[in-house]
Amino acid sequence: MKSPRTIRSLILILLFSPFMAGGDFTCIESPVDDPPTGPPGPGPVSQDPVWNLAFDATGLGALSSVWGSGPNDVFVVGGRTQQAEIYHYDGSQWSAMASPNIPILVWVYGFGPDDVFAVGVGGGAIHYDGSVWTELDSGTNEDLWGLWGSSPSDMWIVGGTIGQGDPELIHYDGNSFHSVDVPDNDRAATALFKVWGIGSKIFAVGENGLIIQRNGGDWMQVPAGANADADFVSLWGTSEDNIVAVGGRATGRLANYDGSGWTTHKPPGRPGLNASFMDDPSFAVIGGINGYVGTLPRGSDTPTDEESPTSMDIHAIWGDGEGTYYAVGGRFSQPFAGIAIIRTLGDPGIIPVPPLGAGAGLECLLNGECDDGSSCTIDTCVNGACVFTPINCDDGDPCTIDSCDRGVCLHTPMHCDDGNSCTIDTCEDGECVSTPVNCSDGDPCTVDTCNGGICFINPLDCDDGDACTTEFCDEGDCVYILQDCDDGDPCTVDSCQNGTCINIPMDCDDGAPCTIDSCESGVCVHDPLCGVDEICVNGLCEPAPECVMNDECDDGDPCTIDTCEDDSCVFTPMLCDDNDLCTVDDCVNGACTFTPIPCDDNNPCTIDTCDGGNCVFTPIVCDDGDDCTADSCIGGNCDFAPIPGCSCDFESDCDLGDNCAAGTCEAAAGPDVEIGVGGGQICFTDPYRKLNHGDALVVCEGFQGFFDSYLAFRVTGFTPGAIVEVTRSITLDGTSCTKPSDCGPGLTCVNGLCSPTAESTSFVQMSDDPDGDGVIEAFDFRTTLFKDVDLQDATISVTVTESGNPSVTASTQVSVVIDVKRLCFRPGLPCPMGQVCSNGYCEDE
């Protein structure tokens, strides 16, 4: 029988074996009585440096700093928005340590196993005395990014809130914290990120290439060269003439101090760098974004790249002085994730096991030691900590309420009855949907209603109560046609009264007894009653009187020319003829009148004219030359109604599958892509939402200058399930550049425009076409911005190309306004006016 110590050791080996990560494994009794000891040593064959995974802290938080007093005393700090995490390696095992209730920690540094300090966001500061971590009052709510000291009673702490105020510089004398003025600088810096010193040299580095040096009792800015145009994030050294600082965000920066001054380099092709550590004067070990690791030989301006086992950002590196280096990092915004990797010469013989415990140290060894008394949890011992996992009762149906009762899963259909018998109540994707009963008979000229669950179909009532109109329904609209009472005679007044046509002759009686009154083409005509050699007396024609002179002749009609001819009066009618067939010519009171023939069809949308005595009714032409309007005449006025989905000013105005060409949405000739946002994190959009021109692109602040957005896109015309290459960029509108220095601190140059991040490319396997309509969505394309560009106009560009088939490609752009959501790690920490701290972010009240 094995001893209890042997059994305990065997359990540890099984619990933390690398096979556990894969799920299925075979238990083989091991003769080893004790857990593996010591950090991974050099492999038996190769002596080349090799990086391997130490442990994964995804779900626990990001890992931001590592420091130790020796190979058997290593501390790692990090955490999540509102809770710090601390891990310790004692030479044989990683263990979680209990942390005070403070937000994420950023940096750790100490002077021995029982004298370790750590600082973090929101002014967080703690101290470890060998047995317990205790919170300290730093005297500030500003974010603290780094600390270093020559002794526990002479420590320097640096920080500042990115984009707000001045950098923070604090001195700790072993008893209290004292704020120290930061010297004026020409970098517009709001934060210092790290501080480090040796001998008489103490330097602090920070935003936009700022470096300050303590000279005697004062601090002063020191130059770092023309390439010091981006953030410096970390520094370390081995002597007063051998110090290396690293930084850059989109692209890396390397700065060397040779004892007299700093020189900054931009190593080509290297990403932003965050970590620098030196315990060997011949080289520095460095790390950066996207998992970058490498070394910088002394005196070189170009690092030697090394293969990394992670793509997560590396934030800090520390070496134990015996050839082993630890690098930690992760994802530094929601959702936080952490990673720790280890560098050895040669392959390690044993991979370090994950941390024991979950913030409170070792709790258990066997599953049987964990019991929360609930039959609806699976009680297990994981990494030395009791984990009580609720039984998964999810049946995959969002329309059931899944619960557990005494260990039995219950799936209760969601109650969706709205009490209305005229709706069909269903559940769709977890939401109650009340769809009205479809009573439509397909005829737009019926009024279809539901009452008490019964459909009623009634004809649309178009009766206007006028017996002189014929009314009917046409495509759902009532049409009223006035009864046609036109007898074709323009000399009658035609009307309808109570459904009967009345045609009354036009009254042309002018009251004069000596005229013949008539109607011609709808115009009254008054011809003389008597001939030229007659005179009209009270309506009677008599022979014209004899005369000698013209003035003896007067028939009393002003429309005759009265003359004396051959001793008799002659009364000649006035000739009124304008030679226009479209007028009725007449004489009235001695004056010619030319009355236009009336041509009015009572249609305001025709131009009514007379041509050669005939009426012509020409329709009004309404054409604005825009193919995206429906042109018509209404009431005599032209109406140009926009055609939905036809006109466009920007590509985003068109639906997927259409492109904007000359102001019109037209079917794309090939594959098409549209840009959106997705991801479902705290301040991102879930589900997918298309980005239109001028929309806000929500960006979440991480810390130390990181700002994350989650882009998504939809495509059509691509092969479902294919691998596609996605290239994306975000550029600031109204800028131009040929090199990063044209853009100012913290920005880079992308395709001739300034950008808060480098152009990035990733390969993605597309999902199948879920709806069979040729549209595929892709999510979670995280883009990390390295500059606070809140409320600035920007353009997102995306190109998608099918791998192995470069002819299947599509590109698009959309203009947006960047909207940054700021972090607030504690509810009591201030947010901008009008906002409150909610779930770690400042939100509008």
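Nothing here was measured: the structure is a model prediction, and the numbers come from that model.

**Focus on the overall build of the protein chain**
Part 1 of the argument: Each helix and strand in the protein chain was counted, giving 1 helix and 67 strands.
Part 2 of the argument: Here the protein chain holds 845 residues, and the buried ones make up 43% of them.
Part 3 of the argument: For the protein chain, contacts bridging at least 24 residues in sequence account for 46% of all contacts bridging at least 6.
Part 4 of the argument: Of the roughly 40,200 Å² of accessible surface on the protein chain, 50% is carried by carbon and sulfur atoms.

**Brief notes about the nonpolar core**
Part 1 of the argument: Grouped together as the largest cluster of nonpolar side chains are 92 residues, with contacts concentrated most on W133 and W262.
Part 2 of the argument: With near-sequence residues (within four places) excluded, W262 lies in contact with F203, I211, V222, P223, A224, L235, I243, A245, A255, N256 and Y257.
Part 3 of the argument: L711, C743, V764 and V808 belong to the second-largest nonpolar core, a separate cluster that totals 35 residues.

**Looking at the pairing of strand 53 (residues 658–661)**
Part 1 of the argument: Sheet topology note: the strand 53/strand 54 (residues 664–667) ladder contains 4 bridges and is antiparallel. Along strand 54, the bridge assignment pairs C660 with C665.
Part 2 of the argument: From the end of strand 53 to the start of strand 54, which pair antiparallel, there are 2 residues, and A662 there has a positive phi angle of about 55°.

**Description of the side chain of E168**
Part 1 of the argument: Take E168: it is sitting in strand 12 (residues 168–172).
Part 2 of the argument: The exposure class assigned to E168 is buried, which follows from its relative accessible area of 12%.
Part 3 of the argument: Apart from residues no more than four positions distant in its own chain, E168 is found in contact with T140, E142, L144, I157, V158, G159, G160, S179, V182 and L192.

**What about the packing of aromatic side chains?**
Part 1 of the argument: On inspection of all chains with the given rule, the structure shows 26 aromatic pairs.
Part 2 of the argument: Taking the centre distance of 6.3 Å and the plane angle of 20° together, the rings of W318 and Y326 count as stacked. In this pair, the class of W318 matches that of Y326, namely buried.
Part 3 of the argument: Across the ring face of W107, the terminal group of K194 is positioned such that the distance to the ring centre comes to 4.6 Å.

**Some thoughts on the sheet that holds strand 8 (residues 125–128)**
Part 1 of the argument: Taken together, 4 strands build an open sheet; the order of strands is 6-7-8-9 and the sheet is antiparallel. Strand pairing shows two members of the sheet lacking a second neighbour, strand 6 (105–112) and strand 9 (133–135), which therefore form its edges. Pairs of neighbouring strands in the sheet enclose a mean axial angle of 20°, with direction left out of account.
Part 2 of the argument: Pairing geometry for strand 8 and strand 9, over 3 bridges, is antiparallel. The partner of H127 across the bridge, within strand 9, is T134.

**Re unusual backbone geometry**
Part 1 of the argument: Within the chain, N208 stands out as a residue other than glycine whose phi angle is a positive 60°.
Part 2 of the argument: Checked against the element boundaries, N208 lands in the loop between strand 15 (201–206) and strand 16 (211–215).
Part 3 of the argument: Although it is not a glycine, L791 sits at a positive phi angle of roughly 60°.
Part 4 of the argument: For L791, the position within the fold is in the loop between strand 63 (775–785) and strand 64 (793–802).

**Some remarks on a negative patch on the surface**
Part 1 of the argument: A contiguous patch of negative charge, built from D441, D443, D474, E475 and D477, is present on the exposed surface.
Part 2 of the argument: Position of E475 among the secondary structure elements: in the loop between strand 37 (469–474) and strand 38 (477–482).
Part 3 of the argument: The exposure class assigned to E475 is exposed, which follows from its relative accessible area of 64%.

**Side note on empty space enclosed by the protein**
Part 1 of the argument: Evaluation of the coordinates by the stated rule reveals 6 cavities of 30 Å³ or more.
Part 2 of the argument: Taken as a whole, the largest cavity encloses approximately 100 Å³ of empty space.
Part 3 of the argument: E651, S652, V673, E674 and T812 are the residues nearest the centre of the largest cavity, which is lined by 15 residues in total.
Part 4 of the argument: Looking at the lining of the largest cavity, the elements that each hand over two or more residues are strand 55 (672–677) and strand 65 (809–821).
Part 5 of the argument: With 4 residues, the single largest contributor to the lining of the largest cavity is strand 55.
Part 6 of the argument: Considered class by class, the residues forming the lining of the largest cavity number 6 nonpolar, 3 polar and 6 charged.

**A short note on the pairing of strand 51 (residues 629–634)**
Part 1 of the argument: Inspection of the sheet shows strand 51 paired to strand 52 (residues 637–642) by 6 bridges, in the antiparallel sense. Paired with D631 across the bridge in strand 52 is F640.
Part 2 of the argument: Between strand 51 and strand 52, which pair antiparallel and follow one another directly, the connecting turn spans 2 residues, one of which, G635, has a positive phi of 60°.

**Considering the state of the cysteines**
Part 1 of the argument: According to the stated counting rule, one finds 18 disulfides in the structure shown.
Part 2 of the argument: Linked covalently through their sulfurs, C393 and C409 form a disulfide whose S-S length is 2.1 Å. Handedness of the C393-C409 disulfide follows from its S-S torsion of about -75°: it is left-handed. With a gap of 16 residues between them, C393 in the loop between strand 30 (385–390) and strand 31 (400–405) and C409 in strand 32 (residues 408–413) connect regions that are remote in the sequence.
Part 3 of the argument: Of the residues examined, C393 reaches a relative accessible area of 7% and is grouped as buried.

**Looking at the pattern of salt bridges**
Part 1 of the argument: Enumeration according to the criterion identifies 10 salt bridges in this entry.
Part 2 of the argument: With a closest N to O distance of 3.2 Å, D186 and R187 form a salt bridge.
Part 3 of the argument: You can call D186 exposed: its relative accessible area is 56%.
Part 4 of the argument: You can call R187 partly exposed: its relative accessible area is 23%.
Part 5 of the argument: E306 is the salt-bridge partner of R343, the closest N and O atoms lying 2.8 Å from each other. In this pair, R343 is assigned in strand 28 (residues 337–345) and E306 in strand 25 (residues 304–306), connecting sequence segments 37 residues apart. Per residue, the accessibility class of R343 equals that of E306, and both read buried.
Part 6 of the argument: Several salt bridges converge on common partners, so that one network encompasses D229, R253 and K266.

**Considerations on the environment of F786**
Part 1 of the argument: Within the fold, F786 resides in the loop between strand 63 and strand 64.
Part 2 of the argument: With 536 residues separating them in the primary sequence, F786 and A250 have C-alpha atoms 6.9 Å apart.
Part 3 of the argument: Contact partners of F786, with chain neighbours within four places excluded, come to R249, A250, I289, G705, F706, G746, P756 and T757.

**Considering the confidence of the model for the protein chain**
Part 1 of the argument: Within the protein chain, residue pLDDT values average 80, and 86% of them lie at 70 or more.
Part 2 of the argument: Per-residue pLDDT stays below 50 along residues 1–46; that stretch engages in 62 contacts with residues further than four places along the chain or on separate chains.

**Thoughts on the side chain of K201**
Part 1 of the argument: Within the element layout of this structure, K201 appears in strand 15.
Part 2 of the argument: Buried K201, no salt bridge; nearest opposite-charge side chain is E240, N-O distance 5.1 Å.
Part 3 of the argument: At 3.3 Å, the side chain of K201 and the side chain of Y257 are in polar contact.

**Section: the environment of D441**
Part 1 of the argument: Looking at the secondary structure, you find D441 in the loop between strand 34 (431–436) and strand 35 (446–451).
Part 2 of the argument: Those residues in contact with D441, other than ones at most four positions away along the chain, are T446, D448 and I457.

**Remarks on the sheet that holds strand 11 (residues 154–159)**
Part 1 of the argument: An order of 10-11-12-13 is seen for the 4 strands of this open sheet, with the pairing classed as antiparallel. Because the sheet does not close on itself, it has two edges, and the strands there are strand 10 (144–151) and strand 13 (177–179). Taken over all neighbouring pairs, the strand axes of this sheet differ in orientation by 25° on average, direction set aside.
Part 2 of the argument: The pairing of strand 10 with strand 11 spans 6 bridges and is antiparallel. Bridged to G146 within strand 11 is V158.

Each value, and the rule that gives it
Residues numbered from 1 in each chain as written. Predicted model: local features only at pLDDT ≥ 70, side-chain atom pairs only at ≥ 80, totals over all residues. Heavy atoms only, no water. Helix = DSSP H or I, 4+ residues; strand = E, 2+ residues; numbered from the N terminus. Buried < 20%, exposed > 50% of the residue type's maximum accessible area, 1.4 Å probe, protein only. Contact = heavy atoms within 4.5 Å. Areas by Shrake-Rupley, 256 points an atom, 1.4 Å probe, with all protein chains shown as cover. Core = buried A, V, L, I, M, F, W, Y, C linked by side-chain atoms within 4.5 Å. Pairing = 2+ DSSP bridges. Phe/Tyr/Trp six-rings, centres within 6.5 Å; stacked < 30°, edge-to-face > 60°. Lys NZ or Arg CZ within 6 Å of the ring centre and 35° of its normal. Axes fitted to C-alpha atoms, helices over the stretch in contact; angles between N-to-C directions. Patch = residues over 30% accessible without salt bridge, like charges linked within 9 Å, V, L, I, M, F, W, Y side chains within 5 Å. Salt bridge = Lys/Arg side-chain N within 4 Å of Asp/Glu carboxyl O. Lys, Arg positive; Asp, Glu negative; His and termini not counted. Charge placed at Lys NZ, Arg CZ, Asp CG, Glu CD. 1 Å grid on protein atoms, 1.4 Å probe; cavity = no way out; pocket = protein on both sides within 12 Å on 5 of 7 lines; lining within 4 Å. Points joined across faces, edges and corners; volume = space filled by probe spheres on them. Nonpolar A, V, L, I, M, F, W, Y, C, P; charged D, E, K, R; others polar. Disulfide = S-S within 2.5 Å. pLDDT = per-residue confidence, 0-100. Polar contact = N/O pair within 3.5 Å; in protein donor to acceptor, adjacent residues only side chain to side chain.

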